[in-house]
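Below, each chain spelled out in residue letters.
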Amino acid sequence: MSRISRLPSPLLRAAACTGVAALALTACGSGSGSGTASTGSGSVKVGLITKTDTNPFFVKMKEGAEKAAKENGAQLSTAAGKFDGDNAGQVTAIENMVAAGVKGILITPSDSKAIVPAIQKARAKGVLVIALDTPTEPESAVDALFATDNLKAGQLIGEYAKAALKGKTAKIAALDLAPGVSVGVQRHNGFLKGFGATEKDVVCAQDTGGDQAKGQTAMENCLQKAPGINVVYTINEPAALGAYTALKAKGREKDVLIVSVDGGCTGTQAVKDGKIAATSQQYPLKMAAEGVKAVVTFAKDGKKASGYTDTGVTLITDKAQDGVTSKDTAYGLANCWG
């Protein structure tokens, strides 16, 4: 991780601290959601806004941005919502960063639609805005998108689950994200597509916010509603581990297949340990690093990144299935969120 320093100007400090109740920004002190790459005063200013500063996925994304900023002589300021879904906090962060003079903003939108007006205002002032991981709605609301193909990520674990079930009738529990977030919709739909299932095959669906405790509660609720569940699709690995805890408490951890998306180091270890059958590994560090480079390029020569850049996805499992391309957990642990 690169060394952290404060924004140099008292004026920037004042701007960044506006709305501190909703966001933790660099100049507001040593909050867990803040950080600025240490560079000279004339360097390119880049902003990174994540959904939260506690989810390991976004922690890794921040690490990637900090490293890339240091390598490219950029000054990085960061902010995060207080919780996944904190659109108001992200709006405040955009406004603060624009006021601080950033050349570009990298953002993982908490609400793909509600964030669009704030993004439009930033772009109207000449700020390059790149979405990471989660597309806006419409996707054209930003200059560019660097992300996993989330539909494909869901499809891979759907294909895997179908093959692993070996002809058994599926009774699926879907532990989803939250309404209004495109990444959740894409992964869910991709899973159903890969499995060859429809919503009728989902016997229980619950939103988890991608949170482990909520994932456990959701799984408990689903087991009460539909005790015969044999496949669990989860939006991410924290939700998957919550589901595993609930299943283990009922003595069901051996006969229910859990699949997920993320491929973080903790989640990949959970695959190795047999808690999760398979996961689709994505690469947030690469998303952030490429985003920082794109802003630096824009600042230097005016060339804007555009369109969608697929940052890759790999199915990770130690129980490979015929006809489904995958890599084992040795590969997954060596590349977790790289």
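Trainee: Could you give an account of the nonpolar core, naming the residues involved and the relevant values?
Mentor: If you look at the biggest cluster of nonpolar residues, it comprises 29 residues, and the most contacted ones within it are Y160, I172, F191, F195 and V259. Of all elements in the fold, only α5 (150-165), β6 (172-176), α6 (182-195), β8 (231-234) and β9 (257-262) reach the threshold of two or more residues within this core. Sort the elements by how many residues they give to this core and α5 lands first, with six residues. Those residues in contact with V259, other than ones at most four positions away along the chain, are I157, Y160, A161, F191, V232, Y233, T234, I276 and A278. Counting residues in each nonpolar core, the second largest holds 27 residues, with M287, A289, A294 and W337 among its members.

Trainee: Quick one: what's the story with the sheet that holds strand β4 (residues 128-132), residue by residue and with numbers?
Mentor: One open sheet accounts for six strands, arranged β2-β1-β3-β4-β5-β11; its pairing is parallel. The sheet terminates laterally at β2 (74-80) and β11 (307-310), the two strands that pair on one side only. Within the sheet, the average angular offset between the axes of one strand and its neighbour, ignoring direction, is 20 degrees. The pairing of strand β1 (residues 44-50) with β2 spans seven bridges and is parallel. Among the inter-strand pairings, L48 is bridged to a residue of β2, identified as T78. This element, helix α3 (residues 87-99), spans β1, β2 and β3 (104-107) of the sheet and lies at about 175 degrees to β1.

Trainee: Describe in detail the side chain of T108, supporting the description with residues and values.
Mentor: Looking at where T108 falls in the secondary structure, it is placed in the loop between β3 and α4 (116-124). Looking at T108, its side chain comes within polar contact range of the main-chain nitrogen of K51, at 3.0 Å. Each residue touching T108, except ones within four places of it in the same chain, is listed here: I49, T50, K51, F58, M61, Q90, L132 and D133.

Trainee: Quick rundown of the pairing of β6? Include the residues and the values.
Mentor: Burial runs high along β6: five of the five residues are buried. Side chains I172, A174 and D176 project from β6 onto one buried face, and the interleaved A173 and L175 project onto a second face that is buried too. Between β6 and its parallel partner strand β7 (residues 202-207), the chain crosses via α6, and the hand of that crossover is right-handed. Of the strand pairs in this sheet, β6 and β8 are connected by four bridges, and their pairing is parallel. Each bridged residue has a counterpart across the sheet, and for I172 the counterpart in β8 is V231.

Trainee: If you had to explain unusual backbone geometry to someone new, which residues and values would you point to?
Mentor: The omega torsion of the bond from E137 to P138 falls at 5 degrees, within 30 degrees of zero and hence cis. With respect to the helices, strands and loops of the structure, P138 is situated in the loop between β4 and β5 (144-147). In this structure, D262 is a non-glycine residue whose phi angle is positive, near 150 degrees. Relative to the assigned elements, D262 resides in strand β9.

Trainee: Explain the state of the cysteines to me, using residue names and the numbers behind them.
Mentor: Among covalent bonds in proteins, the disulfide is the one between the sulfur atoms of two cysteines. Enumeration over the complete set of coordinates arrives at two disulfides. With a sulfur-sulfur separation of 2.1 Å, C204 is cross-linked through a disulfide to C222. Across the S-S bond of C204 and C222 the torsion is about -75 degrees, and the bridge reads as left-handed. With C204 in strand β7 and C222 in helix α7 (residues 212-225), this residue pair connects regions lying 18 residues apart in the sequence. Here C265 pairs with C336 through a disulfide, and the sulfurs are 2.0 Å apart. Negative torsions about the S-S bond denote left-handed disulfides, and the value of about 80 degrees found for C265 with C336 makes this one right-handed. Highlighted residues: C265 in helix α9 (residues 265-272) and C336 in the segment after α11 (329-335), separated in sequence by 71 residues. Ordinal numbering of bonded cysteines along the protein chain defines a disulfide pattern of 1-2, 3-4.

Rules of the game
Residues numbered from 1 in each chain as written. Predicted model: local features only at pLDDT ≥ 70, side-chain atom pairs only at ≥ 80, totals over all residues. Heavy atoms only, no water. Core = buried A, V, L, I, M, F, W, Y, C linked by side-chain atoms within 4.5 Å. Buried < 20%, exposed > 50% of the residue type's maximum accessible area, 1.4 Å probe, protein only. Helix = DSSP H or I, 4+ residues; strand = E, 2+ residues; numbered from the N terminus. Contact = heavy atoms within 4.5 Å. Pairing = 2+ DSSP bridges. Axes fitted to C-alpha atoms, helices over the stretch in contact; angles between N-to-C directions. Polar contact = N/O pair within 3.5 Å; in protein donor to acceptor, adjacent residues only side chain to side chain. Right-handed = clockwise from strand over helix to strand, strands pointing away. Disulfide = S-S within 2.5 Å.

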